[in-house]
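As a plain string of letters, each chain reads:
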Amino acid sequence: MQNMDWGKLPFGYFKTDYNVRCYYRDGKWGEVEVSSSEYINIHMAATSLHYGQEAFEGMKAYRGKDGKIRLFRWQENAKRMRKSADGILMARVPDELFFEMVSKAVKLNERFVPPFGHGAALYIRPLLIGTGVQVGVSPAKEYMFMVFVGPVGPYFKEGFNPVSMQIISDFDRAAPLGTGHIKVGGNYAGSLFAMERAKAEGYASVIFLEAKEKKYIDEAGPANFFAIKDNTYITPKSNSILPSITNMSLMTLAEDLGLKVDRRQVAVEELDAFEEAGACGTAAIISPIGKITIRETGKVYEFAKDGKAGPVSTKLFKKLQGIQYGEEPDTHGWVTILD
Ligand code: PLP
Ligand code: COI
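Residues numbered from 1 in each chain as written. Chains lettered and ligands numbered in written order. Predicted model: local features only at pLDDT ≥ 70, side-chain atom pairs only at ≥ 80, totals over all residues. Heavy atoms only, no water.

A. Local environment of the packing of helix 2 (residues 74–87) against helix 3 (residues 95–108). It is the contact of helix 2 with helix 3, at a shortest axis distance of 10 Å, that shows an interaxial angle of 125 degrees. Put simply, helix 2 runs oblique to helix 3. Once helix 2 is placed against helix 3, the crossing between them reads as right-handed. Residues Trp-74, Asn-77, Ala-78, Met-81 and Arg-82 of helix 2 pack against Asp-95, Phe-98 and Phe-99 of helix 3. (Axes fitted to C-alpha atoms, helices over the stretch in contact; angles between N-to-C directions. Helix = DSSP H or I, 4+ residues; strand = E, 2+ residues; numbered from the N terminus. Parallel < 35°, antiparallel > 145°, perpendicular 65-115°, else oblique. Left-handed = near helix turned anticlockwise from the far one by under 90°. Contact = heavy atoms within 4.5 Å.)

B. Geometry of the nonpolar core. In terms of nonpolar packing, the biggest core is built from 36 residues, with Trp-29, Phe-98, Ile-124, Leu-128 and Phe-145 touching the most fellow members. Going through the elements one at a time, strand 1 (19–25), strand 5 (59–63), strand 6 (69–72), helix 2, helix 3, strand 7 (121–130) and strand 8 (143–152) are the ones with two or more residues in this core. Sequence-distant contacts of Phe-98, defined by excluding residues within four places in its chain, comprise Met-59, Trp-74, Asn-77, Ala-78, Met-81, Val-93, Pro-126 and Phe-145. With 25 residues, the next largest nonpolar core counts Ile-167, Leu-209, Ala-220 and Ala-279 among its residues. (Core = buried A, V, L, I, M, F, W, Y, C linked by side-chain atoms within 4.5 Å. Buried < 20%, exposed > 50% of the residue type's maximum accessible area, 1.4 Å probe, protein only.)

C. How the structure looks around helix 4 (residues 185–200). Its 16 residues place the ends of helix 4 23 Å apart at the C-alpha level, agreeing with the 22 Å of an ideal helix rising 1.5 Å per residue. Where helix 4 bends most, the angle comes to about 45 degrees, and this point is Leu-192. Among all positions in helix 4, only Asn-187, Ser-191, Ala-194, Met-195, Arg-197 and Ala-198 are buried. Tucked inside the fold, the buried residues of helix 4 contact strand 9 (163–168) and strand 10 (205–209). Just downstream of helix 4 lies Gly-202, where phi reads positive at about 95 degrees. (Expected span 1.5 Å × (residues − 1). Bend = angle between axes of the 7 residues up to and from the residue.)

D. Up close: the site of ligand 2. With respect to spatial proximity, the complete set of residues near ligand 2 consists of Phe-11, Phe-56, Gly-58, Tyr-123, Arg-125, Tyr-155, Lys-183, Tyr-188, Pro-222, Thr-282 and Ala-283. The side chain of Lys-183 places a nitrogen or oxygen atom 2.9 Å from an oxygen atom of ligand 2. Ala-283 is positioned such that a nitrogen or oxygen atom in its backbone is 2.9 Å from an oxygen atom of ligand 2. The fraction of the free accessible surface of ligand 2 (280 Å²) that becomes covered by protein chains is 90%. Residues that form the shell around ligand 2 fall into these classes: seven nonpolar, two polar and two charged. (Near = heavy atom within 4 Å. Polar contact = N/O pair within 3.5 Å; in protein donor to acceptor, adjacent residues only side chain to side chain. Areas by Shrake-Rupley, 256 points an atom, 1.4 Å probe, with all protein chains shown as cover. Nonpolar A, V, L, I, M, F, W, Y, C, P; charged D, E, K, R; others polar.)

E. Focus on the domain arrangement of the protein chain. Taken domain by domain, the protein chain consists of domain 1 (6–152) and domain 2 (163–324). Relative to domain 2, the C-alpha centre of domain 1 lies at a distance of 26 Å. Between domain 1 and domain 2, the contact holds 20 residues from the first and 18 residues from the second. With both sides pooled, the region where domain 1 packs onto domain 2 buries about 1700 Å², and carbon together with sulfur makes up 64% of that total. Sorting the residues of domain 1 by area buried against domain 2 places Phe-56, Phe-72 and Arg-80 first, and these three jointly supply 35% of that buried surface. (Domains from an automatic or database assignment. Buried area = accessible area lost by both parts, 1.4 Å probe.)

F. Structural context of the pattern of salt bridges. With the rule as written, the count across this model stands at 19 salt bridges. With a shortest N-O distance of 2.8 Å, Asp-66 and Arg-70 are connected by a salt bridge. Here the salt bridges share partners, and the residues they tie into one network are Asp-262, Arg-264 and Glu-270. (Salt bridge = Lys/Arg side-chain N within 4 Å of Asp/Glu carboxyl O.)

G. Highlighting the side chain of Gln-53. Relative to the elements of secondary structure, Gln-53 occurs in the loop between helix 1 (47–50) and strand 4 (54–56). At 3.0 Å, the side chain of Gln-53 forms a polar contact with the backbone oxygen of Leu-89. For Gln-53, the contacting residues outside a window of four places in its chain are Thr-47, Ser-48, Ile-88, Leu-89, Met-90, Leu-128, Ile-129, Gly-130, Pro-139, Ala-140 and Tyr-143.

As structure tokens, this is what we get:
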């Protein structure tokens, strides 16, 4: 790809050459198909359209200094997609099929994998939808699994610079025993109003609270929350947040760096004592949080007082990206090189 300003890529849709698709019919998955169409043909009574039988994943392919393309912990994405499928009664995508289609979609679009050194990557979006017809509320008998890709920069345009976020308590992202822990479209539909309002009020994202007691932090819109205090990496434990693969990795890397890890309920009042705060996810990578405002009271908590990310977040960011781009040894066996 010539004439691309890789360092300025937004996080968004980007047309590439191909996507791959596979159909589940009569109780089994068929052949993998390659398509150059950006459209899918779907029955008007498909369950994905009416009853939200839809789950997706978010992954990235990273091009290293050595030119090689790396996937990061794809097995965890395959596993999470299986949990999402189980959670809303869709057909499971076997790991081998998941990997075959992800690697095929990346390789067929290799020219769109950003070169090393711009903080950009090829975003991979696996999507599983109910295509079978139902008008009564019940699961479909037919499904489509597809994978499309596109080059992206960090989710928050500030990149690795502190953003402001807003804690709200007049909307919940997910119910305590609902679907917050799986990656289904309905969770995102439910978050749109609050997210757009926050953006209009000048914030990068909402931070949702745990819905039952409204005392504890759940997660940011598209990312998990973490904080640093007394050489400890603190992150919320809750049934209604998405188990982030980035967060899971940061917990391990924090331990490698000699920090303690504390995964537990995190009360809003604790924000006062945190030295650093951040949001983490595949799309967000680590987004340092400079300021958190409680919408209802106007109370403000500040973290990045000099306008920069804190030292621990910076170390974690470098370590994580170092592994993803192949600059650091892959001591945990997280990386798969596509050849
Ligand atoms: N939380 C939500 C709601 C998300 O959509 C995502 C993105 O997938 C994350 C957290 C981060 O998860 P991961 O690190 O696996 O990308
Ligand atoms: C990701 O981090 O990969 C996501 O899927 C987040 C968001 C774009 C929904």
